[in-house]
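# Descriptive structure summary
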Amino acid sequence: MFGLEELVPPQVTKTTLYHVVGWGLRLYVCSLVIVGGYSLLWVLELAGVVPETWLSTIWIGIAVMGCLFLVLLVPLFYSARSSAR
């Protein structure tokens, strides 16, 4: 495994490393989709293809979805860390 066997603890298996790499790739693809979507909106805004009212509605919708995600993430984070089940 490219000499990495000495660097990782014995509890870490190849399967664990494959899962970590898989999640890393998913995160990378997700970030590319998000950045691509923002870039597309920016280009459409510069080109004048999207009307101003639609564009402001889209940006407000993106901001609302981000806020809702954060609001839902906080209780999920604390419930996942609690030991009472």
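Notes on the structure follow. (Residues numbered from 1 in each chain as written. Predicted model: local features only at pLDDT ≥ 70, side-chain atom pairs only at ≥ 80, totals over all residues. Heavy atoms only, no water.)

### Looking at the overall build of the protein
Under the convention used in this document: Working definition: helices are DSSP H or I runs of at least four residues, strands are E runs of at least two. Numbering for both runs from the N terminus. Remark: exposure states derive from per-residue accessible area (1.4 Å probe, protein chains only) relative to the maximum for the residue type, with buried under 20%, exposed over 50%, and partly exposed in between. Every accessible area reported is derived by Shrake-Rupley at a probe size of 1.4 Å, with residue values counting cover from the shown protein chains alone.
A tally of helices and strands in the protein yields two helices and zero strands. Counting only residues that meet the buried cut, the protein has 4% of its 85 residues in that class. For the protein, the accessible area works out to roughly 7600 Å², and carbon and sulfur atoms hold 76% of it.

### Side note on the packing of aromatic side chains
Each aromatic ring pair is characterised by the separation of its centres together with the angle its planes make. Defined as follows: By convention, a stacked pair of Phe, Tyr or Trp rings (six-membered ring in the case of Trp) has centres within 6.5 Å and planes under 30 degrees apart, an edge-to-face pair has planes over 60 apart, and any other such pair is tilted. Here, a charge over a ring means that NZ of Lys or CZ of Arg falls within 6 Å of the ring centre while also lying within 35 degrees of the ring normal.
Taken as a whole and assessed by the stated rule, the structure comprises two aromatic pairs. When the ring of Y38 is compared with that of W59, the centres are 5.6 Å apart and the planes differ by 10 degrees; the resulting orientation is stacked. Placement of the pair is Y38 in helix α1 (residues 14-47) and W59 in helix α2 (residues 52-81), with a sequence separation of 21 residues. Assessed through its relative accessible area of 35%, Y38 is described here as partly exposed. A relative accessible area of 31% means that W59 is categorised as partly exposed. Between F77 and Y78, the ring centres sit 5.3 Å apart and the planes meet at 70 degrees, which makes this aromatic pair edge-to-face. Relative accessible area serves as the criterion here: at 43%, F77 is assigned to the partly exposed category. A cation over an aromatic ring shows up here: R26 above the ring of W23, its NZ or CZ 4.7 Å from the ring centre.

### Some points on the packing of α1 against α2
Going by this rule: Working convention: axes come from line fits to C-alpha atoms, limited for helices to the stretch in contact. Angles between N-to-C directions cover 0 to 180 degrees. Roughly parallel covers angles under 35 degrees, roughly antiparallel covers those over 145, roughly perpendicular covers 65 to 115, and oblique covers all other angles. The crossing is said to be left-handed when, going from far helix to near helix, the turn is anticlockwise and less than a right angle, and right-handed when the turn is clockwise. It only takes one pair of heavy atoms within 4.5 Å for two residues to be counted as in contact. Residues are grouped as follows: Ala, Val, Leu, Ile, Met, Phe, Trp, Tyr, Cys and Pro are nonpolar; Asp, Glu, Lys and Arg are charged; all remaining types, including Gly, are polar.
Their axes nearest at 11 Å, the elements α1 and α2 cross at an angle of 160 degrees. What the angle tells us is that α1 and α2 run roughly antiparallel. With respect to the hand of their crossing, α1 and α2 are arranged in left-handed fashion. Taking contact as the criterion, the partners of Y38, L41 and E45 in α1 are, on α2, L55, I58, W59 and I62. Of the residues belonging to the contact of α1 with α2, the class tally is six nonpolar, no polar and one charged.

### Structural notes on α1
One full turn of an α-helix is made of 3.6 residues, so residues set three or four places apart face in the same direction. Put simply, the rule is: To estimate the expected span of a helix, count its residues, drop one, and scale the result by 1.5 Å.
A rise of 1.5 Å per residue sets the reference length of α1, with its 34 residues, at 50 Å; its end C-alpha atoms lie 49 Å apart and thus fit the reference within 8%. At the exit of α1 stands G48, carrying a positive phi of roughly 75 degrees.

### Some thoughts on the environment of Y38
Along the sequence, Y38 and I62 sit 24 residues apart, while their C-alpha atoms lie 9.9 Å from each other. Contacts of Y38, omitting those with residues within four sequence positions, involve W59 and I62.

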